[in-house]
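Single-letter residue listing:
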Amino acid sequence: MGLEHVLDAASVAVVGASKKETKRGYQAIKTLIEERFEGQVYPVNPKEESILGLRCYAKVSDIEDPVEMVLITTPAKTIPAILEDCGKKGVAGAVIIAGGFGELGKEGKELEDRIVDIARKNSIRIIGPNTSGMMNLRRNLNLVGLKDVPKGRIALICQSGNMALALITEASIKSQQGFSY
């Protein structure tokens, strides 16, 4: 399985969706709406009925329609159960924001190995963990939250979110080039 269902997802569930404006789960939904993401957005939060005018779901598997990708904004310890649920739903990809895995030592490495095993078992491609996100500017799929990124033909893969931000800023100021992914 390639990355096309992740990079070109037609539907995104935001796990950890929130009504609090300071939370990543709120900011992600707001960005997708404001930038006119071409696909469907599904907030996932068992404690809410709706967020920013969109119906909320208790878990990904409760969503009636197909879900190609999830943005997971919840703590590291919640990720295994969320990925298991995504596997039941047939989700193709997950962007995992949380840190707290191999970089924290043995316990974190065990958690990381567990999410990798779940992802492999369910054919879920993972971006992350401990990531700033991903963007597909051709579809207005912005799971990073950067504003006013110029669109163009450059695809950028960075290990560091700060390096990506610096390169995007530099290209925006000094060239006529823009970004696709």
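Whatever comes next refers back to the structure up there.
Thresholds, definitions, all that
- Residues numbered from 1 in each chain as written.
- Predicted model: local features only at pLDDT ≥ 70, side-chain atom pairs only at ≥ 80, totals over all residues.
- Heavy atoms only, no water.
- Helix = DSSP H or I, 4+ residues; strand = E, 2+ residues; numbered from the N terminus.
- Buried < 20%, exposed > 50% of the residue type's maximum accessible area, 1.4 Å probe, protein only.
- Salt bridge = Lys/Arg side-chain N within 4 Å of Asp/Glu carboxyl O.
- Axes fitted to C-alpha atoms, helices over the stretch in contact; angles between N-to-C directions.
- Parallel < 35°, antiparallel > 145°, perpendicular 65-115°, else oblique.
- Contact = heavy atoms within 4.5 Å.
- Nonpolar A, V, L, I, M, F, W, Y, C, P; charged D, E, K, R; others polar.
- Pairing = 2+ DSSP bridges.

(A) Layout of the environment of Asn-162. Along the chain, the position of Asn-162 falls in helix α5 (residues 161-174). A residue is classified by how much of its surface remains accessible, and Asn-162, at 64% relative accessible area, is exposed. A C-alpha to C-alpha distance of 23 Å links Asn-162 and Glu-112, two positions 50 residues apart in sequence.

(B) Just the pattern of salt bridges, in detail. Applying the stated criterion across every chain yields a total of six salt bridges. As a salt-bridge pair, Glu-34 and Lys-30 come within 3.6 Å of each other at their nearest N and O atoms. One end of the pair is Glu-34 and the other is Lys-30, both in helix α2 (residues 24-34) and four residues apart, which spans about a single turn. For Glu-34, a relative accessible area of 42% translates into the label partly exposed.

(C) View of the packing of helix α3 (residues 79-89) against helix α4 (residues 106-121). Contact geometry for α3 and α4: axes closest at 9 Å, N-to-C directions at 0 degrees. What the angle tells us is that α3 and α4 run roughly parallel. Residues Ile-79, Pro-80, Leu-83 and Glu-84 of α3 pack against Leu-111, Arg-114, Ile-115, Ile-118 and Lys-121 of α4. Its residues assigned to classes, the contact of α3 with α4 shows six nonpolar, no polar and three charged.

(D) Up close: the sheet that holds strand β2 (residues 40-44). With parallel pairing, the five strands of this open sheet are ordered in space as β2-β1-β5-β6-β7. Each edge of the open sheet is held by one strand with a lone partner, namely β2 and β7 (125-127). Each strand axis lies, on average, 20 degrees off the axis of its neighbour in the sheet, ignoring direction. Here strand β5 (residues 69-72) runs beside strand β6 (residues 93-96); their pairing, made up of four bridges, is parallel.

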